[in-house]
Amino acid sequence: PKKLIEESGTGSQINKVIGVVSGKGGVGKSLVTPLLAASIREKGHSVAVLDADITGPSIPKMFGLSQKDKTNKNRIFPVESGHGIKIMSVNLLLDHETDPVIWRGPLIAGTVKQFWKDVYWGNVDYMFVDMPPGTGDVPLTVFQSLPVDGIIVVTSPQDLVEMIVGKAVKMAGMMHIPVIGIVQNMAYYECPTCHDKHYLFGKNDIDTLAEEYHIEMTAKIPIDPSLAKACDEGRIEDYETDCLDNLIEKF
Ligand code: ADP
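A quick note: this is a predicted structure, and the numbers were derived from the prediction, not measured.

1. Some words on the overall build of the protein chain
Scanning the protein chain for helices and strands turns up eight helices and ten strands. Whereas a compact globule of 251 residues would reach a radius of gyration of roughly 18 Å, the protein chain reaches 17 Å, a difference of no more than 12%. Within the span of the protein chain, comprising 251 residues, buried residues form 43% of the whole. Of all intrachain contacts in the protein chain linking residues separated by at least 6 positions in sequence, the fraction that spans at least 24 positions is 79%.

2. Examining the sheet that holds strand S4 (residues 86–88)
Pairing within the open sheet is mixed, and its eight strands lie in the order S3-S4-S2-S5-S1-S6-S7-S10. Two strands lie at the open edges of the sheet, namely strand S3 (79–80) and strand S10 (217–220), each paired on one side alone. The pairing of strand S6 (residues 150–155) with strand S7 (residues 179–184) spans five bridges and is parallel. If you follow Ile152 over to S7, its bridge partner there is Gly181. Those strands touched by helix H1 (residues 29–42) are strand S1 (13–22), strand S2 (47–51), strand S5 (123–130), S6 and S7, and its axis lies near 165 degrees from that of S5.

3. Topic: the pairing of S2
Counting buried residues in S2 gives five out of five residues, a clear majority hidden from the surface. Of the two faces of S2, the one carrying Val47, Val49 and Asp51 and the one carrying Ala48 and Leu50 are both buried. Two elements, S2 and S5, share five bridges in a ladder whose sense is parallel. Bridging across to S5, Asp51 finds its partner in Asp130. Here S2 pairs with S4 via three bridges, running parallel. When the sheet's bridge partners are listed, Leu50 is paired in S4 with Met88.

4. Re the site of the ligand
Neighbouring the ligand are 17 residues, the closest being Gly28, Lys29, Ser30, Leu31 and Ala228. Every element with two or more residues in the shell around the ligand is listed here: H1 and helix H7 (225–232).

5. Details of the packing of helix H3 (residues 105–118) against helix H4 (residues 137–144)
Relative placement of two packed helices is described by the angle separating their axes and the distance separating the axes. Viewed as axis vectors pointing N to C, H3 and H4 meet at an angle of 35 degrees, and their least axial separation amounts to 9 Å. Relative to H4, the crossing made by H3 is right-handed. Listed contacts from H4 to Gly105, Pro106, Ile108, Ala109 and Val112 of H3 are Asp137, Val138, Thr141 and Val142. Along the lines of polarity and charge, the residues of the contact of H3 with H4 split into six nonpolar, two polar and one charged.

6. Observations concerning unusual backbone geometry
Not every positive phi belongs to a glycine, and His176 is a case in point at roughly 60 degrees. Summarising the element assignment, His176 is placed in the loop between helix H5 (161–174) and S7. Here His214, not a glycine, exhibits a phi torsion of approximately 60 degrees, which is positive. With 9 C-beta atoms counted inside 10 Å, the residue His214 sits in the exposed group.

7. Things to note about H1
Each α-helix winds once per 3.6 residues, and so residues spaced three or four apart point in a common direction. The first and last C-alpha atoms of H1 sit 20 Å apart over 14 residues, in line with the 20 Å expected at 1.5 Å per residue. Judged by how many residues are buried, H1 sits mostly within the fold: 13 of 14 residues are covered. Following H1 by one or two positions, Gly44 adopts a phi angle in the positive range, close to 100 degrees.

8. Some points on the UniProt feature "binding site: ATP" (unreviewed entry) in the protein chain
According to UniProt, the positions carrying the feature "binding site: ATP" (unreviewed entry) are Gly23, Lys24, Gly25, Gly26, Val27, Gly28, Lys29 and Ser30. Within the fold, Gly25 resides in the loop between S1 and H1. We classify Gly28 as buried; it has 22 C-beta atoms within 10 Å. Leaving out residues up to four positions away in the same chain, Gly28 has contacts with Val154, Ser156, Asn185 and Met186.

9. Focus: the environment of Pro222
Of note, Pro222 is situated in the loop between S10 and H7. Once the C-alpha coordinates of Pro222 and Cys243 are considered, the two residues, 21 residues apart in sequence, prove to be 8.5 Å apart. Every residue in contact with Pro222, bar those within four places of it in the chain, is listed here: Ala187, Tyr188, Tyr189 and Glu190.

10. Digging into the environment of Gly181
Here Gly181 lies in strand S7. According to the C-beta neighbour criterion, Gly181 is buried, with 25 such atoms within 10 Å. Taking C-alpha positions, Gly181 is 17 Å from Phe143, a pair spaced 38 residues apart along the chain. Apart from the residues within four sequence positions on either side, Gly181 is in contact with Ile152, Ile215, Glu216, Met217, Thr218, Ala219 and Leu247.

Criteria and thresholds
- Residues numbered from 1 in each chain as written.
- Predicted model: local features only at pLDDT ≥ 70, side-chain atom pairs only at ≥ 80, totals over all residues.
- Helix = DSSP H or I, 4+ residues; strand = E, 2+ residues; numbered from the N terminus.
- Rg over C-alpha atoms; globule rule 2.2 N^0.38 Å.
- Buried ≥ 20, exposed ≤ 12 C-beta atoms within 10 Å, placed from the backbone.
- Contact = placed C-beta atoms within 7 Å.
- Pairing = 2+ DSSP bridges.
- Axes fitted to C-alpha atoms, helices over the stretch in contact; angles between N-to-C directions.
- Near = placed C-beta within 6 Å.
- Left-handed = near helix turned anticlockwise from the far one by under 90°.
- Nonpolar A, V, L, I, M, F, W, Y, C, P; charged D, E, K, R; others polar.
- Expected span 1.5 Å × (residues − 1).
- UniProt positions renumbered as here; feature names shortened; annotations may be inferred.

Given below as structure tokens:
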């Protein structure tokens, strides 16, 4: 493994850290992160998800997790999903999952750093970090508190895609982190009877954009009611899809 979390004292070894970012909230970032994690887990790798979207944590819900691990008061262990993905989120530590987290940037970044350092992750091949949305102060501070190896940018067709990708690429560039790929969520709707693809929001070409920014990989996720249902029911791991396969092959 390339990296050792030496300062942590937990002895965890995380091989690769991938940040998942978006230009704003609501584009499906918290859906793409678990989908990526589940797709890689299915290939037999050990996988973790660190929910760094501290003020809007939705990762545990996607996996149907609400309980916290209370096995040892002095140590923080991640909670394991049904398929064995290790997860840590502020929502697994709150007394009530509806408790709001009203914290300023430095406290948020401090919590993320503590998740990285003090959680007993064990050996992990791929850790996905669900970043706070946007390219402002909070995501930047969070970025700087973690050794991120690469980022995935999530967009939706309603986004000002070009501007958002541009901002994300520049932010990543300032920190010398490569952009691995762009995922366009809600890219199209496939008719269940005729299997035609309908581009409800217009067909903006993320492939050309990716080429422009020298980003190697793109993926498109359709609007799919059964995906929304899987999220709502906390069964995102059971959703079968190959739409991210070309992306994860490059990890
Ligand atoms: P973000 O994290 O960017 O704020 P979420 O990942 O929470 O956005 O997505 C919001 C909700 O939108 C999801 O819980 C899901 O119900 C719905 N959704 C997102 N993408 C899709 C999709 N491709 N197909 C169906 N529903 C989707």
